[in-house]
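Geometric and topological summary
One letter stands for each residue in the lines below.
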Amino acid sequence: SVDILRSSEDGVFLVNAKDLTNALRSIKDDEVTFTLDKMILHLKYKNGVIKLPYESADEFPKPNIEKDNRVTFVVNSQLVYSMLSDARNFVYKKDNLYPQLSCVCLYLRQGKIGVVSTDRNMEYKAEYEYQYDGQDLNVLITYNAIPSLLGLLSCSSNIKISDSERNVLFRNDSGMLVSVKPEGVFPKMAFTMGDSEMPIHVSLKRTELVDAINRCSISTSTTAPNIAIKVTEDNLQLRTEDLMGNKSTVENVPCECSGGTIEIGFNAAYLLQCLSVFSEETIYLLLESPIKMGIMLDNVNDKRKTMLMPCVIV
């Protein structure tokens, strides 16, 4: 809501949000007058007028907000904001094919709060300690609702979340957002990833790995933009080839390895996307097999992690 300078009377009307936003952005004046006349909204300013159709407010769709069997809890807005900001980068956005993948899962369980998102080739997870006395639950947030939710989260210190079978309601002093939940079950692997012990534990500098991947990306094939990673005792080797352009690159990055040797392939763009949300200088790779998911950790406390589907090395 915003304050108005003056008004002849109270009123309510329905107007297309995109058209109104574009009109107001084009007006440079500090003051704009709204006049309603015969279902036409007149936006009058110093040098002209813009006319937009409007409708009765009764036509506004009313979301189905269930009151029965609803679980409500209050969480810190800034904590949820920081987790969602990164998690939305890992959402599979083709919701018409995989609606259960085009969302972020916010969960509370066992004294922790976290988010999980996936785009089929990689998964992202962030988890923090959080005092919560209610029942464990998973809240699905659709991808299209995330930008509006981030705006709502930035306006207050706490957010009240109500979860029901059909939708999720987010509310604070600034406003309310209703997100309709998609049909389908969020991938179960999101809640078990990384539970098994990986035999090879690799630690290395994040900036050194990013620089090496960027240099190797020059020689990645446009048809198969994959990168081969070979880990030995104290060295991580990156290798890319573009047979069509007769180009290849080999990079070596110092690392610490728990023991063993493995060669595994990943998509170079996915690696960089995972690394872009990490903040710690040292990152950790947990690798088990060339045909099983690898895990990338942000720090030893395991607060942020991504899972990467391996690619076939040719």
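Residues numbered from 1 in each chain as written. Predicted model: local features only at pLDDT ≥ 70, side-chain atom pairs only at ≥ 80, totals over all residues. Heavy atoms only, no water.

1. Some thoughts on the sheet that holds strand E11 (residues 175-180)
With respect to topology, four strands assemble into an open sheet ordered E4-E9-E10-E11, the strand pairing being antiparallel. Two strands close off the open sheet at either side, each with one partner strand: strand E4 (71-76) and E11. Averaged over neighbouring strand pairs, the angle between their axes works out to 20 degrees when direction is ignored. Most of the contacts of helix H2 (residues 77-87) go to E4, to which it runs at about 85 degrees, and overall it touches E4 and strand E9 (158-163). Sheet strands in contact with helix H3 (residues 146-153) are E9, strand E10 (167-172) and E11, and its direction is about 155 degrees off that of E11. (Pairing = 2+ DSSP bridges. Helix = DSSP H or I, 4+ residues; strand = E, 2+ residues; numbered from the N terminus. Axes fitted to C-alpha atoms, helices over the stretch in contact; angles between N-to-C directions. Contact = heavy atoms within 4.5 Å.)

2. What about the pairing of strand E1 (residues 33-37)?
In terms of strand pairing, E1 meets strand E2 (residues 40-45) through five bridges, oriented antiparallel. Counterpart to Asp-37 in the pairing with E2 is Ile-40.

3. Remarks on H3
Restricting attention to buried positions, one finds in H3 the residues Ile-146, Leu-149, Leu-150, Leu-152 and Leu-153. The arc that holds every buried residue of H3, seen down its axis, measures 160 degrees, which confines them to one face. Against the buried residues of H3 lie H2, strand E5 (103-109), strand E8 (137-142), E9, E10 and E11. (Buried < 20%, exposed > 50% of the residue type's maximum accessible area, 1.4 Å probe, protein only. Arc of directions from axis to C-beta.)

4. A look at the sheet that holds strand E12 (residues 200-205)
Strand pairs in the sheet, formed through backbone hydrogen bonds, run parallel or antiparallel to each other. Taking strand neighbours across the sheet as the criterion, the nine strands line up as E8-E5-E6-E7-E20-E19-E18-E12-E16 in an open arrangement whose pairing is antiparallel. Looking at the sheet topology across the chains shown, the edges are occupied by E8 and strand E16 (256-257). Here H2 sits on the sheet and contacts E5, strand E6 (112-118), strand E7 (122-129), E8 and strand E20 (304-308); the angle it forms with E6, its principal contact strand, is near 20 degrees. Lying over the sheet, helix H5 (residues 268-276) contacts E7, strand E18 (282-287), strand E19 (294-297) and E20, oriented at roughly 170 degrees with respect to E20.

5. Thoughts on unusual backbone geometry
Across residues other than glycine, the phi torsion is negative in most instances, and most of the peptide bonds are trans. The backbone of Lys-38 shows a phi angle near 55 degrees, a positive value even though the residue is not glycine. One can find Lys-38 in the loop between E1 and E2. A positive phi angle, near 65 degrees, is found at Met-39, a position not held by glycine. With respect to the secondary-structure elements, Met-39 resides in the loop between E1 and E2.

6. Remarks on the environment of Ser-156
Along the chain, Ser-156 turns up in the loop between H3 and E9. When the C-alpha positions of Ser-156 and Ser-77 are compared, they lie 6.6 Å apart, and in sequence the two are 79 residues distant. In this view, Ser-156 contacts Ser-77, Gln-78 and Asn-172; residues no more than four positions away in its chain are not counted. One polar contact links the side chain of Ser-156 to the main-chain carbonyl oxygen of Asn-158, over a distance of 2.9 Å. (Polar contact = N/O pair within 3.5 Å; in protein donor to acceptor, adjacent residues only side chain to side chain.)

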